[in-house]
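What follows is the residue order along each chain.
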Amino acid sequence: MATSTSSKLNKAVKQQYMDLPQGDMVQAMYIWIDGSGEGVRCKTRTLDYEPKTIEDLPEWNFDGSSTYQSEGSNSDMFLIPAAMFRDPFRKDPNKLVLCEVLKYNRKPAETNLRHTCKQIMTMVENNHPWFGMEQEYTLLGTDGHPFGWPSNGFPGPQGPYYCGVGADKAYGRDVVEAHYRACLYAGVQICGTNAEVMPAQWEFQVGPCEGINMGDHLWVARFILHRVCEDFGVIASFDPKPIPGNWNGAGCHTNFSTKEMREDGGLKVIEESIERLAKRHRYHIRAYDPKGGLDNARRLTGHHETSNIDEFSAGVANRGASIRIPRAVGQDKKGYFEDRRPSANCDPYVVTEALVRTCLLKEEGEEPTDYSK
Amino acid sequence: MATSASATLSKAVKQQYMELPQGDKVQAMYIWIDGTGEGLRCKTRTLDFEPKSIEDLPEWNFDGSSTYQAEGSNSDMYLIPAAMFRDPFRKDPNKLVLCEVQKYNGKPAETNLRVTCKKVMEMVDDQHPWFGMEQEYTILGTDGHPFGWPSNGFPGPQGPYYCGVGADKAYGRDIVEAHYRACLYAGVQICGTNAEVMPAQWEFQVGPCEGINMGDHLWVARFLLHRVCEDFGVVASFDPKPIPGNWNGAGCHTNFSTKEMREDGGLKAIEDSIEKLGKRHSYHIRAYDPKGGLDNARRLTGHHETSNINEFSAGVANRGASIRIPRNVGQEKKGYFEDRRPSANCDPYGVTEALIRTCLLSEEGDEPTDY
């Protein structure tokens, strides 16, 4: 059976319990990124007041030896609240709290990439960098096969599925609809959805977000997707190439602009940024998936609307290029550009930081500059 | 099928009946611990008033020969109300009443460990002992296999499940969510939940509770869990090692502090306590599961974030030790410590009493002092 046993538990029974009043008590679910750099974890604590801002939330800790983040003999790691959202599962007044992870010595954990991203964003806040990220993902059954696909086979070839409607075209729309509403309730800046080219593949877009918010909102949107899928008994995969062969991969196209790019004549600034990006292709490829490019190597083939991982290219309205300038931007001579290289399982903090370092801080070479020196 | 036949009964039909007004009548469900020291029993009586405090509730009795507690020829046992909570299943004004059990001669039943616990707690109430207990448990299907596991096999190895999210990581979250809300409604001091290392294993934490309240709140939280699982048609197991081999066991880590430990410089009092505990390891092991250590022997192996049952150890942020001092306590030089030895099926009255006897009453040796 494609859906989990948990999803068959009686939801009417659960609803009766969820309707019980909770008095003054508030449940705060703390969320963090684990040692894989892709997985999210969560646990909940009771507060006896409703937190109004992030400063109202206490620090916490967890057992890092169980999340690929530390050894059992010295396993305590710290959770530092970073961004708070409404909880669409437990509803008001309960909260979701995205956290940064610190090691026992209070230095950032290896996969805490928010820390440096925030520093970088603070350096360029006068440029008002805006981001929009297009998160692609694939729905799988609990058997690991794409949801809705014949259990020991394949659907008809790609063509009818992109933005499709109908039971033979769109697999799992309920998840998409539920996720969209959950994000809107939570306060996540979700700006759209569409069915993707491969059946059971979907996309949602988050943005425009300024600075550090991009990473925060995308990680929480991902968490919400995993939770929604769990409720339905299916699995969301951010693997960049879930099915080898003539089936699309999954990316996280990242749209980027600064105040200057958005103003009249901004196209010139866009073109300058693209020139800088062209000289730093390998640094960006390393930043654009959690395995330094190995994951993306399965996806960026030059086919299926991707660029080849070994080559940098840019062009107006060109979906086979690394960077695409939307046609309207080419015409208005201002706007934004789209970096199509990031993998679906990228860390948005790293992606946005890399774009700012190269385009705004004008860094060059293979390594990021250490500004603390 | 993994869920019970009862779970398929129409909940809509049930809801219609539960919405019937009950006038001035109040249902009080009396709860007690049976002869196993682990099992809970319950029965209900109608009152024609709403009890406002524990003193309003009458004593009652039951047939102890049906609960492993008495012989048939002399089976009446007494239920003495001890703590009252709101009923999240029948809702206000109905009540849950946790009771102590007495034998026919008025003496405490063998598994009534609350009596001595209460006496010991009263001896030290000026030290304000606080407890927090981390109750781990495993959800099983009615076939006895962990819930959500493939019916004739095993899930992928441990790693992704602790605090996990997603249908391939978290099995049975509905139960956890329902139980949390039921506890909040009932007035149980539930302070958190998380998914545990083994899939279908979960944890909730109750506390901080002072003195006798720890045992009361934890037993009621356990009762609520069994009732919630019953509604969903699954089973909650407190067995300390439900699946042998490379799968985590289930414990009930107990956090403890006194007023002195919580104040500046309290780390010294913590270290003194740990020294005393270090000398009384086998007494505590006997107190930390209902079979004098036999249950824990399957769990405390030294692997899977446990200490070895034969050795006592302590360390800051060390999850392989008997006693763990949290890192921030080590830094602030005050706070509390965590005894990681108690089994998931321990009696919290037995555990909290043992900690008081050794750390605050400075007892030594293998036997508890008879005051």
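All values derive from a computational prediction rather than experimental measurement.

(A) Expanded view of helix H10 (residues 348-359) of chain A. In this model, H10(A) (twelve residues) spans 16 Å end to end at C-alpha, consistent with the 16 Å of a helix rising 1.5 Å per residue. With twelve of twelve residues buried, H10(A) lies mostly within the body of the structure.

(B) Molecular detail of the nonpolar core. Core analysis: the largest hydrophobic core is formed by 79 residues, its most contacted members being Tyr17(A), Tyr137(B), Ile175(B), Val188(B), Leu224(B), Phe232(B) and Phe256(B). The element contributing the most residues to this core is helix H4 (residues 213-232) of chain B, with eleven residues. The residues contacting Val188(B), other than those within four sequence positions of it, are Phe85(B), Cys183(B), Val206(B), His217(B), Val220(B), Ala221(B) and Leu224(B). If you look at the next biggest cluster of nonpolar residues, it comprises 72 residues, including Ile120(A), Phe238(A), Ile325(A) and Val356(A).

(C) Representation of the side chain of Glu100(A) in the model. All names here are of chain A. Within the secondary structure layout, Glu100 lies in strand E5 (residues 95-102). One polar contact links Glu100 to Asn112, side chain to side chain, over a distance of 3.1 Å. Only 2.9 Å separates the side chain of Glu100 from the side chain of Arg114, close enough to count as a polar contact.

(D) Layout of the confidence of the model for chain B. On average, residues of chain B carry a pLDDT of 96, and 100% of them reach 70 or more. Both scores are available for the predicted complex, with the pTM at 0.93 and the ipTM at 0.90.

(E) Quick look at the interface of chain B and chain A. The partner chain A presents 50 residues to the 54 residues of chain B that form the contact. Taking both partners together, chain B and chain A bury about 4,300 Å²; carbon and sulfur atoms supply 53% of that area. By the criterion of area lost to chain A, the three top residues of chain B are Tyr162(B), Val165(B) and Arg181(B), representing 18% of everything that side buries. At the junction of chain B and chain A, the tally comes to seven salt bridges. Its salt-bridge partner being Arg324(B), residue Asp76(A) comes within 2.8 Å of it at the nearest N-O pair. Counting the contacts that link chain B with chain A gives 29 residue pairs in polar contact (both at pLDDT 80 or more). Those elements giving two or more residues to the side of chain B that touches chain A turn out to be helix H1 (11-18), helix H3 (173-186), strand E7 (190-195), H4 and helix H9 (327-332) of chain B. Sort the elements by how many residues they give to the side of chain B that touches chain A and H3(B) lands first, with ten residues. Class assignment of the residues belonging to the side of chain B that touches chain A gives a composition of 27 nonpolar, 14 polar and 13 charged. Bridge count for strand E2 (residues 40-47) of chain A against E7(B) is three bridges, and the pairing is antiparallel. Opposite Arg45(A), over in E7(B), you have Gly192(B) as the bridge partner.

(F) Representation of the UniProt feature "domain: GS beta-grasp" (unreviewed entry) in chain B in the model. The UniProt record annotates "domain: GS beta-grasp" (unreviewed entry) at residues 24-106 of chain B. Each end of residues 24-106 of chain B is marked by a C-alpha atom, and these two atoms are 33 Å apart; helix forms 0% of the span and strand 47%.

Rules and cut-offs
Residues numbered from 1 in each chain as written. Chains lettered and ligands numbered in written order. Predicted model: local features only at pLDDT ≥ 70, side-chain atom pairs only at ≥ 80, totals over all residues. Heavy atoms only, no water. Helix = DSSP H or I, 4+ residues; strand = E, 2+ residues; numbered from the N terminus. Expected span 1.5 Å × (residues − 1). Buried < 20%, exposed > 50% of the residue type's maximum accessible area, 1.4 Å probe, protein only. Core = buried A, V, L, I, M, F, W, Y, C linked by side-chain atoms within 4.5 Å. Contact = heavy atoms within 4.5 Å. Polar contact = N/O pair within 3.5 Å; in protein donor to acceptor, adjacent residues only side chain to side chain. pLDDT = per-residue confidence, 0-100. Buried area = accessible area lost by both parts, 1.4 Å probe. Salt bridge = Lys/Arg side-chain N within 4 Å of Asp/Glu carboxyl O. Nonpolar A, V, L, I, M, F, W, Y, C, P; charged D, E, K, R; others polar. Pairing = 2+ DSSP bridges. UniProt positions renumbered as here; feature names shortened; annotations may be inferred.

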